[in-house]
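Chain by chain, the residues run as shown.
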Amino acid sequence: MSLSSDPPKFRVAICGAGIAGLFLAITIGQFAGRDIHIDLYEARDAVTTAGAGVGISRRAAEVMVELGLYEKISHISASSYGRRMRKSDAPNGGFDWFHYISKPLKQGFTMHRQELFDILRQSIPSSCTMHFNKRLTKYEKQSSGSLALYFADDSTSITDILVGADGIHSPVRKTLFETIGPDIIDPSKIRHYSDPSWTGTLVYRSIFPAEKLLKLDPNNVAVKDFVMFCGRGKHIISYPVSRGTLINVVAYVPDEQKTGVPFEGDWVSAVSQEEVMKAYQDFEPNAKRVLDCFENPSRWALHVLNDLPLFTWDRVALIGDAAHAMTSHLAAGAGQAIEDAFVLGRLLAHPLTTLDNVPTALKAYQDARLSFTQFVARQSERASRLMYDFCALGTDRGNEQEEMEILKEKIVDLTESWKGNCRRWCWEAPVPDYKK
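This one's a predicted model, so the numbers in the text were calculated from it and none came from an experiment.

Visitor: Just checking my understanding: could you explain the packing of aromatic side chains for this structure?
Guide: Where two aromatic rings form a pair, the distance of their centres and the angle of their planes describe that pair. Evaluation of the coordinates by the stated rule reveals eight aromatic pairs. Consider the rings of F31 and F342, whose centres lie 6.3 Å apart with planes at 80°: the pair is edge-to-face. Residue F31 is located in helix α1 (residues 19-32), and its partner F342 is located in helix α11 (residues 332-349); the two are separated by 311 residues in the primary sequence. Ring centres of Y280 and F283 lie 5.0 Å apart, and the angle between their planes is 80°; this geometry places the pair in the edge-to-face category. The two residues Y280 and F283 agree in class, both being buried. Its end group placed over the ring of Y150, K138 keeps NZ or CZ at 5.4 Å from the ring centre.

Visitor: Would you explain helix α2 (residues 58-66) in this entry?
Guide: Since the α-helix packs 3.6 residues into each turn, any two residues three or four apart lie on the same face. Among the residues of α2, R59, A60, A61, E62, V63 and M64 are the ones counted as buried. G68 sits one or two positions beyond α2 and adopts a positive phi of about 75°.

Visitor: Would you mind going over the pairing of strand β11 (residues 156-159) with me for this structure?
Guide: Regular strands have side chains that alternate between both faces of the sheet. As judged from the four bridges shared by strand β10 (residues 147-151) and β11, these two strands associate in the antiparallel manner. Bridge pairing in β11 places A148 opposite I158.

Visitor: What is the right way to read the sheet that holds strand β9 (residues 136-141) from this model?
Guide: Whenever strands of a sheet pair, they do so through backbone hydrogen bonds, lying parallel or antiparallel. Reading across from one edge, β9-β10-β11 is the order of the three strands in this open sheet, with antiparallel pairing throughout. The sheet is open, and its two borders are formed by β9 and β11, each paired with just one other strand. For this sheet, the mean inter-axis angle between neighbouring strands, taken without regard to orientation, is 25°. Summarising the sheet, β9 and β10 pair through five bridges and their orientation is antiparallel. Residue pairing across strands places Y139 opposite L149, the latter belonging to β10.

Visitor: Explain the packing of α1 against α11 here, please?
Guide: A pair of packed helices is characterised by two quantities: the angle between their axes and the separation of those axes. Contact geometry of α1 with α11 gives a least axis separation of 8 Å together with a crossing angle of 30°. Considering the angle they form, α1 stands roughly parallel to α11. For the pair α1 and α11, the sense of crossing is right-handed. Taking contact as the criterion, the partners of I19, A20, F23, L24, T27, I28, F31 and A32 in α1 are, on α11, A334, A337, I338, A341, F342, L344, G345, R346, L348 and A349. Its residues assigned to classes, the contact of α1 with α11 comprises 15 nonpolar, two polar and one charged.

Visitor: Can you help me understand the environment of H303 in this one?
Guide: Assignment of secondary structure puts H303 in strand β18 (residues 298-304). Taking the C-alpha atoms as reference, H303 lies 4.3 Å from W198; in sequence the two are 105 residues apart. Residue contacts for H303: discarding those within four places in its chain leaves I168, P196, S197, W198, T199, F263 and W267. A polar contact of 2.9 Å, which involves the side chain of H303, links it to the backbone oxygen of A301.

Visitor: I would appreciate a short explanation of the pattern of salt bridges in the present structure.
Guide: Once the charged atoms of two side chains with opposite charge are near each other, the side chains can pair. Tallied over the entire structure, the rule returns 19 salt bridges. Residues D225 and R84 are paired through a salt bridge, measuring 3.0 Å at the closest nitrogen-oxygen approach. A residue pair is termed long-range when its members are at least 10 positions apart, and D225 in the loop between α7 (210-216) and β14 (227-231) and R84 in strand β5 (residues 82-87) qualify at 141 residues. The partly exposed category is assigned to D225, whose relative accessible area is 28%. In this structure, the salt-bridge partner of K134 is D153, at a minimum N-O distance of 2.8 Å. Taken together, the positions of K134 in the loop between β8 (128-131) and β9 and D153 in the loop between β10 and β11 put the pair 19 residues apart, joining distant regions of the chain. Residue classification places D153 among the partly exposed positions, given a relative accessible area of 40%.

Visitor: Would you explain the side chain of T27 in this entry?
Guide: Within the element layout of this structure, T27 appears in helix α1. You can call T27 buried: its relative accessible area is 0%.

Visitor: What is the right way to look at the sheet that holds strand β12 (residues 161-164) in this model?
Guide: Read from one edge of the open sheet, six strands run β8-β2-β1-β12-β20-β19, paired in mixed fashion. Bordering the open sheet on either side are β8 and β19 (312-313), each of which pairs with just one other strand. Against the sheet, α1 contacts β1 (10-15), β2 (36-41), β8 and β12, and its axis sits at roughly 165° relative to β2.

Visitor: I'm lost on helix α5 (residues 171-179) in this one. Help?
Guide: Along α5, the residues that are buried comprise V172, R173, T175, L176 and F177. Where α5 begins, the capping side chain belongs to S170, and its oxygen is found 3.2 Å from the backbone nitrogen of V172.

Visitor: Any chance you could explain the environment of D39 here in plain terms?
Guide: Note on placement: D39 falls in strand β2. Overall, D39 belongs to the buried group, its relative accessible area being 10%. Considering only alpha carbons, one finds D39 and M130, 91 residues apart in sequence, at a separation of 6.2 Å. If near-sequence neighbours (up to four positions away) are discounted, D39 is found in contact with V12, A13, I14, T129 and H131. Only 3.4 Å separates the side chain of D39 from the side chain of H37, close enough to count as a polar contact.

Calculation notes
Residues numbered from 1 in each chain as written. Predicted model: local features only at pLDDT ≥ 70, side-chain atom pairs only at ≥ 80, totals over all residues. Heavy atoms only, no water. Phe/Tyr/Trp six-rings, centres within 6.5 Å; stacked < 30°, edge-to-face > 60°. Helix = DSSP H or I, 4+ residues; strand = E, 2+ residues; numbered from the N terminus. Buried < 20%, exposed > 50% of the residue type's maximum accessible area, 1.4 Å probe, protein only. Lys NZ or Arg CZ within 6 Å of the ring centre and 35° of its normal. Pairing = 2+ DSSP bridges. Axes fitted to C-alpha atoms, helices over the stretch in contact; angles between N-to-C directions. Parallel < 35°, antiparallel > 145°, perpendicular 65-115°, else oblique. Left-handed = near helix turned anticlockwise from the far one by under 90°. Contact = heavy atoms within 4.5 Å. Nonpolar A, V, L, I, M, F, W, Y, C, P; charged D, E, K, R; others polar. Polar contact = N/O pair within 3.5 Å; in protein donor to acceptor, adjacent residues only side chain to side chain. Salt bridge = Lys/Arg side-chain N within 4 Å of Asp/Glu carboxyl O.

Geometry only, nothing functional implied.
What follows is the structure, given as structure tokens:
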């Protein structure tokens, strides 16, 4: 980090003040100081977020340690040492299937998404200028090599480097693939890369005071634990946030026959309590009482991105959901966004990175992140099918107990395999190893 009053070595524009964009701005600011000027553009009028709970993986927790954020964030979180799995598609009563315990060292945790954003907003560096109500529509490369940014309010801006942290609908991604050239990308594949794809899954979400469930059902397993209510073809995930004062619930109803079919209607909409209850009418009382506590339930059509062939071109890069929106299992989405931001931020902030060699630095980011994030996306989808939906079970209910024991072994194998692969990719190694 330079202590001189020299002008910044280049300008970085980040589109999107979500988890990825905020962590990128913080990383660059911490390791480059005022050597890099950051413009952070947000389409809304404030740093805020949709959704409620968020899970943070162990690897992402290590990044927070490096950025000096771990203590602040862990104080507003609920620790997650494991998952309680229940067989719940039994109207007269479910049962604990098994409890998978995680190692406590630098464990992941769960928290209220807005509380995380509040801490990140307070940590934005002085080298970063925030711009609100700025929705990017497209960008163009200038003859000088700089990039012209065009916004929905008809304003424009110039930057040296553009990072798309603008989510699954990313205009940066759309422009990148539309302008990259037919010698690099087959024109017939542009829509495949730029447009999200519906998984066929509908997700019901709500967050409510833990006290509400405690009064309704004091002995409910979801009052204090991270619980997965599992059933054939659907499941419910429930976990505490805000130091245990709130409970976040996410209920999944997949339909494999609709995978890849364009979703008709709003991706996010308010729904009635009756719609949520109807979807789980064959579930156990423990699960139904959790759903009884829903407040202002919403329904989300879960979309993902198809695997991209690249994350960067020239002086433009994609991170987070703009690069690899995936299903929301294994604390994968937020964790991968945080890792993207940290790796890219460290590369841009490195003393040897100059405007002339920025494309090389961005290529190094892509080499470090593209294959791994796509591996994580596949594992997340596999976890959804195998761990939660009982898709590995046969149709003979008479052999269900034996099949569940076999499935349990497969889940443990998947989890251990996941950890092994993560270690191989430096997932659980100390973050400073990236400095090598």
